[in-house]
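Architecture and fold: a report
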Amino acid sequence: MKEFELIRSYFTEQVVKRKDVALGIGDDCALLIAPERQHIAVTTDTLVAGVHFPEFTNAKAIGHKAIAVNLSDLAAMGAEPAWISLALTLPEADEDWVGEFCEGVFELCEFYNVQLIGGDTTQGPLSITVTAQGTVPFDKQITRTGAKPGDWLYVTGEIGDAALALKHYYGELELPFDTYTLVKKRLDYPSPQVLAGQTLREYATAAIDLSDGLLADLQHICTSSNVGVNLVLDQLPISNALYDTLGAEQAIELALQGGDDYELLFTVSEDKKVGMETALADVGQTITCIGQLNHSGKITTTLNSQPTQINSKGFEHFDNDQ
Ligand SMILES: [Mg+2]
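Residues numbered from 1 in each chain as written. Predicted model: local features only at pLDDT ≥ 70, side-chain atom pairs only at ≥ 80, totals over all residues. Heavy atoms only, no water.

**Quick notes on the domain arrangement of the protein**
For clarity, the threshold we go by: Either an automatic procedure or a domain database provided the assignment from which the domain bounds are taken. Throughout, a contact is declared for two residues whenever any of their heavy atoms are within 4.5 Å. Counted as salt bridges are all cases of a side-chain nitrogen of Lys or Arg within 4 Å of a carboxyl oxygen of Asp or Glu. Under this definition, polar contacts are N or O atom pairs within 3.5 Å; protein pairs additionally need one hydrogen-donor-capable and one acceptor-capable atom, and for neighbouring residues in sequence, both atoms have to be side-chain atoms. A run of H or I in DSSP becomes a helix once it reaches four residues, and a run of E becomes a strand once it reaches two; helices and strands are each numbered from the N terminus.
Split by domain assignment, the protein resolves into domain 1 (2-137) and domain 2 (152-311). Computed from C-alpha atoms alone, the centre-to-centre distance between domain 1 and domain 2 is 27 Å. Every contact between the two is made by 23 residues of domain 1 and, on the other side, 19 residues of domain 2. Linking domain 1 with domain 2 are 1 salt bridge, by the criterion used here. The residue Lys 65 makes a salt bridge to Asp 260 at a minimum N-O spacing of 3.2 Å. On inspection of domain 1 and its partner domain 2, the count reaches 7 residue pairs in polar contact (both at pLDDT 80 or more). If you tally residues by element for the side of domain 1 that touches domain 2, the top one is helix H2 (residues 59-76), at 11 residues.

Structure below.
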């Protein structure tokens, strides 16, 4: 197992050294200095080859994504990322692969000042588990439970591109090279909305990050907050690439049901709407209002001001006679 010992050394050479890490990698545990009057937000995600990313995804993208999906969960709570630990299971001790993987991991860690504080490397089918921890001041956390009828529903950025890239990956359609390059980046290198999440602490009544698809994740907010919502499908922020490739109807379906967007879906009350829009514009974050919450307990949709049907699997078809 000498090779694996060598592999482990890749994870100790890192640039980020935080003052709140009293003891980093190398002992039985890391020791952290807990900040005062802050919650420590903790999240874990596992990525398995062939399940969470296509088998032939390059190692740098896998490293990036493993960190990004966890930072995205912290962002959805309004937390500032601080520390990560990483458990890596590898079929073989492939130094080149690990070198590229680490590039993806540490690029994101350096950008967000996140320190790797521990982990484990073992042999087996490729799988990556990351635990990320961040901080959020007491009572400033954004949960899924605070949305109220009358609140407005917003989403950051654009949605559906990653799902379009997956369709190409799996041969369901063939994209022109330029389009594929564009959307593949959204799939392989998602950007966690860390800054938007922290900005939203002062404004959002509820938030979630989009990992499973807009409808599925929106349902979590509706269930947790006991609210319903009417989604205005015309307003969904769909990229030109997606719109031009699939046309309006299918593009909307994919934006609703495709996953892997890692944008933030959040709600804000009427009286904080303007302040929130200004604050997010100030940090350069594009957002789109896509609906309003109500008492119905259900997700309904409209298109061109007409009610549109939606079934349990999501958006069904454009049908005005309901
Ligand atoms: Mg999440």
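**Some points on the side chain of Gln 115**
Looking at the element boundaries, Gln 115 is found in strand S5 (residues 115-123). Within the structure, the side chain of Gln 115 is placed 2.6 Å from the backbone nitrogen of Arg 18, a separation counted as a polar contact.

**Looking at the sheet that holds strand S6 (residues 127-137)**
Sheets are built from strands that pair by backbone hydrogen bonding, the pairs being arranged parallel or antiparallel. For the record, the criterion: Pairing between two strands is assigned when DSSP locates at least 2 bridges connecting them. Fitted lines through C-alpha atoms serve as axes, helices being fitted only where they are in contact, and the angles separating the N-to-C directions of these axes extend from 0 to 180 degrees.
The 4 strands are arranged S3-S6-S4-S5 in an open sheet whose pairing can be described as mixed. The open sheet is flanked by strand S3 (38-48) and S5, the only strands paired with a single partner. Strand-to-strand twist across the sheet, computed as the mean angle between neighbouring axes with direction ignored, equals 15°. Packing of helix H1 (residues 2-10) onto the sheet brings it into contact with strand S4 (80-90) and S5, and relative to S5 it is tilted by some 160°. Sitting on the sheet, helix H3 (residues 95-111) touches S4, S5 and S6, and the angle it makes with S4 is about 170°.

**Here we look at the sheet that holds strand S9 (residues 228-232)**
What the 7 strands build is an open sheet, ordered S8-S10-S7-S11-S9-S12-S13; its pairing is mixed. The two strands at the open ends of the sheet, each matched to only one other strand, are strand S8 (204-209) and strand S13 (306-308). Each strand of the sheet is rotated relative to its neighbour by a mean of 30°, with strand direction disregarded. Bridge count for strand S7 (residues 152-156) against strand S10 (residues 264-268) is 4 bridges, and the pairing is antiparallel.

**Structural notes on the confidence of the model for the protein**
What counts is decided by this rule: Per residue, pLDDT captures the predictor's confidence, and it can take any value from 0 to 100.
Predicted confidence across the protein gives a mean pLDDT of 93, with 96% of residues reaching 70 or more. Predicted confidence for residues 317-322 stays below pLDDT 50, and this span has 14 contacts to residues more than four positions away or in other chains.

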